[in-house]
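Residues per chain are reported as follows:
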Amino acid sequence: MPERKVITGNHAAAYACKSAGVEVVAAYPITPQSPVVEKISEFVESGELPNTQFVCVESEQSAISAVIAASQMGCRVFTASSANGLAYMYELLCWAAGSRLPIVMCIATRALGAPWSVWTDHQDAFSVRDVGFMQQFVESNQETYDTVLMSYRVAEDPRVYLPAFVSYDGYILSHTTMSVQIEDDDKVREFLPPLKHHLNLTDFDNVHSVNPVTPPGLTIRPEGNTPGYYEFRYSMQKAHEYSIEIVEEVAKEFGEKFGRYYGNGIYKSYQADDAEVLIFAVASVASESRGVVDTLRNEGLKVGLISLKLYRPFPIEHLRKAFSKAKLVVVFDRDVGYGVEGILCAELKTALYAAENRPKIRGFVVGLGGRDITADQLIGGVKLAVQEQEIPEVEKNTHVEFIGVHLEELGFKKEEF
Amino acid sequence: MIEIIFWGRGGMGAVTAGKILSDAAILSENYPHVSTFPSFGTERRGAPILAFCRISDEPIWVRSHIQKADYAIVLDETVFGDNVITRIKDGGALILNTFKCPEDIRKEYGIDPAKITVVTADLTQIAFDLNLTNQENQPIVNTSVLGVLAQSSLKINIGDATQAIINMFGEGQKTDLNIKAAEQAAKTAQVDEVKV
Amino acid sequence: MVRTKQDDAFEKNVARTILASMQTPAVGEAGNTGEWRTMRPILHNDLCIVVKSGKPTCHLCWMYCPEITVSREIPPVFNYTYCKGCGICATECPTKAIEMVPEKEAPSCEGNEGGEF
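Caption draft 1: Looking closely at the overall build of chain C. Counting its regular elements, chain C contains four helices and two strands. Along the chain direction, N to C, the helices and strands of chain C fall in the order α-β-α-α-α-β. Residues classed as buried in chain C amount to 26% of the 117 residues present. Intrachain contacts of chain C at a sequence separation of at least 6 include 62% that bridge at least 24 residues.

Structural data, given as structure tokens:
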């Protein structure tokens, strides 16, 4: 019987690992991720996960190393981290992706130091966008649970074999208690059968030499030529490109089996069909925007929301379709590409550059370092963008706009200039 | 959607109270959607903290802090003041852990009886009477307050609350004490006569 | 809004101020932490080793206080502005000379008990 539990986002991720029957878990604690692995270690201790090895490590770098090694032995593995811990993993993340290991990892998003902060923003998750992992953002604890399961299924698909991140907001989801349906192990097993890995270094009949020094060119040899680095990376990019349809397929199958759908598995839309103005955001910012859409609709503005779920690979085709009727898109970023603009905003602009309909795009940065994002701030942003959509100078502005910065209180006064 | 804010101090279990309440809300079958979270941060023992709880019969998408609450629950009188009163909706209720009576609180802080119902309960005394304390001999008041809430217009009864307490702590002597405290709090809570 | 020269000048000023220089350590960063107290430590001079010996001898309360709110005087003095009432001093005192007493006063009137709202 499926069980309804009132649990935090971190525990939802841990329960997903339990349902998925992960075999090796290694992680190093960091706020706000710690409770995920604490819960998994409880499961291991109590015997609820009898076939799981919990590896105690001394750092995040070791955690991901242990997980990579275990994955190369053919195990289903899990780890999780946040912010500075995630940054410490960076080198090995590239290693995991380059080896095409189906690792699933959770990021409880948190602002990167300095200054030191334990609160949420999406900077850490976006900072690892180019390592080669797939990446999904979620809006609720149930979605965390479901997305971890779906990510395993996609990552382990022989057509994909790519590691995957599941990112949920630190505190806002990681420490927030919500009702989550935990599915039956047997039913999950039907959806997510035991891992059949492309790699198993314990299988001595099938000798591999994984990741030796790989020269720029091919290695020509009598037994058969081996690929150069370039071919490896070409194949990885193509794996990303062609995984989008598999993400969609898996999301559909998940929905049919468990009755829960998250849009089309790529993005979730809310009141978007007839919308002239669309909000584009991920995770907590997107869920907060849902109320904003309702409020603005009551005021007569035709507003809708596109909440991006699959961030890597970036679903360009889907987004072109999603924004094919919009006149104006307002992007709220809980992150900055320092020296450019909000990362999501920049990427959306890139995606829509060759689209038939090119809506105006206005980006705002909100809620860095856990600054509470209120509906009023988002409403203000949308209204401002609507008001000024016809002003060319605004459109050409290269300065990034932040909402909710308190400078007056720090003694900076505009009148003085 | 019903919004509840708990005020307390680090270590008093305000966040746990919110969790138990959300479990009770689910158990009551009147509120299938819940969202409970602390004010987040580098929580320290003794520091004033907030916990937020939203319960609803519709999915909850709001993720920001609760600005104005339907129910404001104050576990420690020393954190109570205008900062609390200004965050209660009109028609909302204030539940305060104090030995004082609602009338005194109303007079002391100038609370408009037409807007806010004041409820007081001496949860600290109940805890000491039942010997319901933690290792540091501090009274446990976060479970008994749920008994007071069960008296409110929330569609959560004392049975749901006690079951949620059992779900949280498991069966045992200490859990029984918590339930006893909740029942006693429900009986002894003082509600001001002005009905809203 | 269309950007003006004033916007540029203002933003440049913010950009060229190193905000880190505005972060400084301070006494009572967490405010008046004495307000956190539910129990107050009281010293019984007749039991206190320091008082009885008249010398700075024991002073375990001073040593163990995590908030530096017990002085190293004869007798030791509590700083109630910052004492959080954690009770560590009372626990550590070898002669039980420190007692933790509740902060509250006595009730003043009766109300409508067990009512619904």
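And the narrative resumes.
Caption draft 2: Spatial organisation of the packing of helix α1 (residues 14–27) of chain B against helix α6 (residues 158–169) of chain B. Residue and element names in this part refer to chain B. Running from N to C, α1 and α6 point in directions that differ by 125 degrees, and their axes come no closer than 8 Å. Between α1 and α6, the crossing angle belongs to the class labelled oblique. With respect to the hand of their crossing, α1 and α6 are arranged in right-handed fashion. Between α1, through Thr16, Lys19, Ile20, Asp23, Ala24 and Leu27, and α6, the contact on the second element is made entirely by Asp160, Ala161, Gln163, Ala164, Ile165, Asn167, Met168 and Phe169. Taken together, the residues of the contact of α1 with α6 sort by class into eight nonpolar, three polar and three charged.

Caption draft 3: Structural detail: the interface of chain A and chain C. Taken residue by residue, the interface counts 14 residues in chain A and 14 residues in chain C. Summing the contributions of chain A and of chain C, the shared interface buries around 1300 Å²; its carbon and sulfur component is 71%. It is A:Phe412, A:Lys414 and A:Phe417 in chain A that bury the most area against chain C; as a group they hold 51% of the surface buried on that side. The interface formed by chain A and chain C holds one salt bridge in total. A salt bridge links A:Lys414 to C:Asp7, with the shortest nitrogen-to-oxygen separation between them at 2.8 Å. When its residues are assigned to classes, the side of chain A that touches chain C shows six nonpolar, two polar and six charged.

Caption draft 4: Local environment of the nonpolar core. A:Phe78, A:Leu93, A:Phe280 and A:Phe323 are the most contacted members of the largest nonpolar core, which totals 107 residues. Here this core spans two domains, since at least three of its residues come from each of domain 1 (3–197 + 243–258) and domain 2 (267–410) of chain A. Leaving out residues up to four positions away in the same chain, A:Phe78 has contacts with A:Cys17, A:Val22, A:Val24, A:Val25, A:Ala26, A:Val36, A:Ile40, A:Val67, A:Val104, A:Cys106 and A:Tyr152. Judged by nonpolar contacts, the second largest core, of 47 residues, contains B:Tyr71, B:Ile126, B:Ala127 and B:Ile165.

Caption draft 5: Fine view of the confidence of the model for chain C. All names here are of chain C. Averaged over chain C, the pLDDT score is 85; the fraction of residues at 70 or greater is 87%. Per-residue pLDDT stays below 50 along residues 106–111; that stretch engages in nine contacts with residues further than four places along the chain or on separate chains. Both scores are given for the predicted complex: the pTM is 0.88, the ipTM 0.88.

Caption draft 6: Quick peek at the environment of A:Ala322. Residues and elements named next belong to chain A. If you trace the backbone, alanine 322 turns up in helix α11 (residues 316–322). Judged by its relative accessible area of 17%, alanine 322 is buried. Along the backbone, alanine 322 and leucine 278 are 44 residues apart, and their C-alpha atoms lie at a distance of 9.5 Å. Apart from the residues within four sequence positions on either side, alanine 322 is in contact with Tyr267, Leu278 and Ile306.

Caption draft 7: Spatial organisation of the pairing of strand β13 (residues 328–333) of chain A. Residue and element names in this part refer to chain A. Of all six residues in β13, six are buried, a share of seventy percent or more. Side chains Leu328, Val330 and Phe332 project from β13 onto one buried face, and the interleaved Val329, Val331 and Asp333 project onto a second face that is buried too. Judged from the four bridges that link them, strand β10 (residues 277–282) and β13 form a sheet pairing that is parallel. In the strand pairing of β13, valine 277 is matched with leucine 328. What joins β13 to strand β14 (residues 360–366) is helix α12 (residues 343–352), and the crossover it makes is right-handed.

Caption draft 8: Up close: the packing of aromatic side chains. All names here are of chain A. Within this structure, the stated rule accounts for 15 aromatic pairs over all chains. Geometrically, the ring pair formed by phenylalanine 126 and tyrosine 311 is edge-to-face, given 4.6 Å between the ring centres and 85 degrees between the ring planes. Highlighted residues: phenylalanine 126 in helix α5 (residues 123–127) and tyrosine 311 in strand β12 (residues 310–312), separated in sequence by 185 residues. Assessed through its relative accessible area of 1%, phenylalanine 126 is described here as buried. A ring pair is formed by phenylalanine 191 and phenylalanine 258, whose centres lie 5.9 Å apart and whose planes are at 75 degrees; its orientation type is edge-to-face. Here the residue phenylalanine 191 occupies a position in helix α7 (residues 185–191), and phenylalanine 258 occupies one in helix α9 (residues 244–258), the gap between them amounting to 67 residues. When its relative accessible area of 1% is taken as the criterion, phenylalanine 191 is described as buried. Three or more aromatic residues link up through ring pairs in this structure, and these residues are Phe126, Phe137, Tyr311 and Phe314.

Caption draft 9: Layout of helix α2 (residues 34–46) of chain A. Residues and elements named next belong to chain A. If you check α2, its first and last C-alpha atoms are 18 Å apart, about what 13 residues at 1.5 Å a residue would give, namely 18 Å. For α2, the complete set of buried residues consists of Ser34, Pro35, Val36, Val37, Lys39, Ile40 and Phe43. Of the surrounding elements, those touching the buried residues of α2 are α1 (9–20), β2 (24–26), β3 (53–55), β4 (77–81) and β7 (164–169). Note on α2: the residue one or two positions beyond its end, glycine 47, has a positive phi of about 85 degrees.

Caption draft 10: Highlighting the sheet that holds β14(A). All names here are of chain A. Taken in spatial order, the six strands make up an open sheet running β9-β11-β10-β13-β14-β15, and their pairing is mixed. Every other strand in the sheet has two partners, leaving β9 (267–270) and β15 (401–403) as the edge strands with one partner each. The mean angle between the axes of side-by-side strands here comes to 25 degrees, regardless of whether they run parallel or antiparallel. Pairing between β13 and β14: six bridges, direction parallel. Residue pairing in the sheet places leucine 328 in a bridge with lysine 360 of β14. The strands touched by helix α10 (residues 283–298) within the sheet are β9, β10, β11 (303–308), β13 and β14, with β11 carrying the most contacts at an inclination of about 170 degrees. Along the sheet, α12 contacts β10, β11, β13 and β14; its crossing angle with β13, the most-contacted strand, is approximately 145 degrees.

What counts, and at which threshold
- Residues numbered from 1 in each chain as written.
- Chains lettered and ligands numbered in written order.
- Predicted model: local features only at pLDDT ≥ 70, side-chain atom pairs only at ≥ 80, totals over all residues.
- Heavy atoms only, no water.
- Helix = DSSP H or I, 4+ residues; strand = E, 2+ residues; numbered from the N terminus.
- Buried < 20%, exposed > 50% of the residue type's maximum accessible area, 1.4 Å probe, protein only.
- Contact = heavy atoms within 4.5 Å.
- Axes fitted to C-alpha atoms, helices over the stretch in contact; angles between N-to-C directions.
- Parallel < 35°, antiparallel > 145°, perpendicular 65-115°, else oblique.
- Left-handed = near helix turned anticlockwise from the far one by under 90°.
- Nonpolar A, V, L, I, M, F, W, Y, C, P; charged D, E, K, R; others polar.
- Buried area = accessible area lost by both parts, 1.4 Å probe.
- Salt bridge = Lys/Arg side-chain N within 4 Å of Asp/Glu carboxyl O.
- Core = buried A, V, L, I, M, F, W, Y, C linked by side-chain atoms within 4.5 Å.
- Domains from an automatic or database assignment.
- pLDDT = per-residue confidence, 0-100.
- Pairing = 2+ DSSP bridges.
- Right-handed = clockwise from strand over helix to strand, strands pointing away.
- Phe/Tyr/Trp six-rings, centres within 6.5 Å; stacked < 30°, edge-to-face > 60°.
- Expected span 1.5 Å × (residues − 1).

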